[in-house]
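# A closer look at the structure
Chain by chain, the residues run as shown.
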Amino acid sequence: MFGKVMVTRIAYRGGSVADLHPADAVLNLPAGMHSHGLAKLAAIEASRGSFAEAYERINGVTGAGIGHRQVQELAVGAAADIDDFYDAIVPAPCTDATTLVISVDGKGVVIRPEALREATAKAASAKGGNTMKSRRHRAWRARHRRPLPG
């Protein structure tokens, strides 16, 4: 959005080791020249169509002057860890020690009359009881009632 930004920082150097820039983590600087936002835009636009179309859209929107090859490299870089992502969401196999938890809302569950608590059974009998002909709520049936033919 702002064009090219220059960041100066201190590099700690040592013999036969890569330079260390401690401020990079604090500043959340990307490893390459292009920002995280531009890399995200390249991945989004490249997923919509060709790299050439992504190149045109990115330069049209941002005016960054990024090259076709750089758009392609940013999109490929964004997809580099996709296998690790899908491997991480595969559930682990269950064992005998695994706890099974189910959460339900109970809507539409018909309770047998003999299983009702005393107060609930009394209220149900005052209402006319449950005929168990339908599991849908009466409001749903009223909305979805179809006229009979003829």
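These remarks concern the structure in this document.

For the structure on display, the rule yields 1 aromatic pair. Taken together, a centroid distance of 5.1 Å and an interplanar angle of 80 degrees make the contact between Phe85 and Tyr86 edge-to-face. Residue Phe85 is classed as partly exposed on the basis of its relative accessible area of 47%. Judged by relative accessible area, which is 49%, Tyr86 ranks as partly exposed.

The biggest cluster of nonpolar side chains holds 9 residues, and these are Leu38, Ala42, Ala46, Ala54, Ile58, Ile66, Val71, Leu74 and Ala75. The set of elements that each furnish at least two residues to this core consists of helix H2 (36-48), helix H3 (51-62) and helix H4 (68-78). When residues no more than four places from it in sequence are discounted, the contact partners of Ala42 are Ile58, Val71, Leu74 and Ala75.

Here the focus is the pattern of salt bridges. Counted according to the given criterion, the structure contains 5 salt bridges. The residue Glu45 makes a salt bridge to Arg57 at a minimum N-O spacing of 2.8 Å. You can see Glu45 sitting in helix H2 and its partner Arg57 sitting in helix H3, a full 12 residues away along the chain. A salt bridge links Arg69 to Glu73; the shortest N-O distance between them is 3.5 Å. Of the two residues, Arg69 and Glu73 are both situated in helix H4; the distance of 4 residues between them amounts to about one turn of the helix. Residue class for Glu73 comes out partly exposed when judged on its relative accessible area of 48%. Within this structure, Glu45, Arg48, Glu53 and Arg57 form a network of salt bridges that share partners.

Rules and cut-offs
- Residues numbered from 1 in each chain as written.
- Predicted model: local features only at pLDDT ≥ 70, side-chain atom pairs only at ≥ 80, totals over all residues.
- Heavy atoms only, no water.
- Phe/Tyr/Trp six-rings, centres within 6.5 Å; stacked < 30°, edge-to-face > 60°.
- Buried < 20%, exposed > 50% of the residue type's maximum accessible area, 1.4 Å probe, protein only.
- Core = buried A, V, L, I, M, F, W, Y, C linked by side-chain atoms within 4.5 Å.
- Helix = DSSP H or I, 4+ residues; strand = E, 2+ residues; numbered from the N terminus.
- Contact = heavy atoms within 4.5 Å.
- Salt bridge = Lys/Arg side-chain N within 4 Å of Asp/Glu carboxyl O.

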